[in-house]
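Observations on chain architecture
Here is what each chain is made of, one letter per residue.
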Amino acid sequence: MYRTDHVTEESERTAFRKAEKKYKIYYDNAKKKKIPRPVDLSEVIDFRSILESFKRSGDLPDGVFELKCDFNLPVFGLVSRPGFYFIPAALSVEEQCHWIRESLTTFPQPPNRTNHNAIYGPVQDLFLAAKEGKVLVEEDKLPENVDSEVNLDQSNVNARHWNFVKLNEYCCRDACKSVSASALLRKLRWSTLGLQFDWSKRSYNVALPHKMIPEKLCMLAKRMAAPAMPCGEEFHPEAAIVNYFGLGDMLGGHLDDMEKDWSKPIVSISLGCKAIFLLGGKSREQTPVAMFLRSGDVMLMAGEARECFHGVPRIFTDPENTEITPLESQFSDEDHTSFLDYIQTSRININIRQVF
């Protein structure tokens, strides 16, 4: 799904790598608080500002155009990057909150795979366990009278298995390997929906157990993909990856090159804290274009844009720059405080693909 080149001294000097270093977050250590170093953001494209200006005057900056298509929202493109399209504020606040909840509670559920599978096997109800303050414990045998959720890989009954237990029950046990559910949630980096991607072989493995992409997400992806689709064709969502970003996280420059037909777009949905996205060219030597990504924005990459290196060098998690006030208002009631706590310092990206 992703292709990244091996990091070498030469690659460290490329234009793409220089841009990553420019926008990556660095800290100056104060007495008791890390202070992000100032960074020059004057060259970062702001499509939200472009949208507001376009609504007022109909004018667009040099290098940016409006795609003429039958779509209910303005769709912008870059003259220098054919096949790349940006739909600012494409999702309502209510839609954003819905997909944040799904990304944390439903999408990581087995048989969908996450980055935790390699160590812990399938992990059930991670977000709920974190909310309840539980601990994931490695055990050979389930103790009696313990409220636990079994995370046993049924394909290998001899494999180690891990169980969520209440903290007070864990404290009464002999020493054993454990990790808090809240720590695991913060270390959640990806989950896969639909056809599962085999990271070790860098290919889709149709034999792996999987669920179909939820119909509501399929409908959203089809609707958003329409401006970038070849005339008369419909987008068929077959696989998706959900990326989770926290404080200091970044996504290095890479290509999405494992799908069969690059004329079909990747539909990328941004949720949570603001970020910077870099869109380069077919070589890392080409200077990338930087742009802001905010919650509710949608990007499409099709055709030539599928051959462009891209990445996310920075997430803004300081309260002054997250720009998630509408989400905070929606999640302010007592029933949603766990979602609020998470999204105040995190970003979620859902990208949906047609594989075949």
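Attention in this report is confined to the structure presented alongside it.

How each quantity is defined
- Residues numbered from 1 in each chain as written.
- Predicted model: local features only at pLDDT ≥ 70, side-chain atom pairs only at ≥ 80, totals over all residues.
- Heavy atoms only, no water.
- Core = buried A, V, L, I, M, F, W, Y, C linked by side-chain atoms within 4.5 Å.
- Buried < 20%, exposed > 50% of the residue type's maximum accessible area, 1.4 Å probe, protein only.
- Contact = heavy atoms within 4.5 Å.
- Helix = DSSP H or I, 4+ residues; strand = E, 2+ residues; numbered from the N terminus.
- Arc of directions from axis to C-beta.
- Polar contact = N/O pair within 3.5 Å; in protein donor to acceptor, adjacent residues only side chain to side chain.
- Pairing = 2+ DSSP bridges.
- Axes fitted to C-alpha atoms, helices over the stretch in contact; angles between N-to-C directions.
- Salt bridge = Lys/Arg side-chain N within 4 Å of Asp/Glu carboxyl O.
- Phe/Tyr/Trp six-rings, centres within 6.5 Å; stacked < 30°, edge-to-face > 60°.
- Lys NZ or Arg CZ within 6 Å of the ring centre and 35° of its normal.

Let's shift gears to the nonpolar core. Ranked by size, the top nonpolar core spans 56 residues in total, and within it L217, I269, I348, I350 and I352 carry the most contacts. Not counting the four nearest positions on each side in its chain, I352 is found in contact with I213, L217, A221, F235, P237, A239, A240, P265, I266, V267 and I269. If you look at the next biggest cluster of nonpolar residues, it comprises 24 residues, including L51, F54, V64 and M301.

Every buried residue of helix α2 (residues 47-57) is accounted for by F47, I50, L51 and F54. An end-on view of α2 places all buried positions within 100° of arc, on one side of the element. Close packing links the buried residues of α2 with β3 (64-66), β4 (76-78), β5 (84-87) and β17 (289-293). Two or three places before R48, at the opening of α2, D46 has a side-chain oxygen 3.1 Å from that residue's backbone nitrogen.

What follows concerns the sheet that holds strand β19 (residues 310-315). The strands making up a sheet associate through backbone hydrogen bonding, with each pair oriented either parallel or antiparallel. With antiparallel pairing, the four strands of this open sheet are ordered in space as β14-β19-β16-β17. The sheet is open, and its two edges are formed by β14 (251-254) and β17, each paired on a single side. Across the sheet, the axes of successive neighbouring strands diverge by a mean angle of 25°, strand direction being ignored. Of the strand pairs in this sheet, β14 and β19 are connected by two bridges, and their pairing is antiparallel. Opposite L251, over in β19, you have V312 as the bridge partner.

This part is about the pattern of salt bridges. The tally for this structure, following the rule as stated, stands at 17 salt bridges. Of the charged contacts, one joins E43 and K22 as a salt bridge, the two residues approaching to 3.4 Å between their closest N and O atoms. With a gap of 21 residues between them, E43 in the loop between β2 (34-36) and α2 and K22 in helix α1 (residues 15-23) connect regions that are remote in the sequence. We classify E43 as exposed; its relative accessible area is 57%. Between D297 and R48 there is a salt bridge, with its nearest N and O atoms 2.9 Å apart. A residue pair is termed long-range when its members are at least 10 positions apart, and D297 in the loop between β17 and β18 (298-301) and R48 in helix α2 qualify at 249 residues. Members of the salt-bridge network, linked through shared partners, are D46, K274, R294 and E323.

Applying the stated criterion to the full structure yields ten aromatic pairs. Relative to F76, the ring of F47 lies with its centre 6.2 Å away and its plane at 15°, an arrangement referred to as stacked. Taken as a pair, F47 in helix α2 and F76 in strand β4 lie far apart in primary sequence, 29 residues in all. The class for F47 is buried, based on a relative accessible area of 0%. For F76, a relative accessible area of 0% corresponds to the buried category. Judged by centre distance (5.7 Å) and plane angle (25°), the rings of F331 and F339 are stacked. The pair F331 / F339 is uniform in exposure class, with both members buried. Grouped by ring-pair contacts, the aromatic residues F47, F54, F76 and F86 constitute a single cluster. The side chain of K274 reaches across the aromatic face of F292, ending 4.7 Å from its centre. For the cation-ring pair, K274 lies above F316, with the distance from its terminal atom to the ring centre recorded as 4.8 Å.

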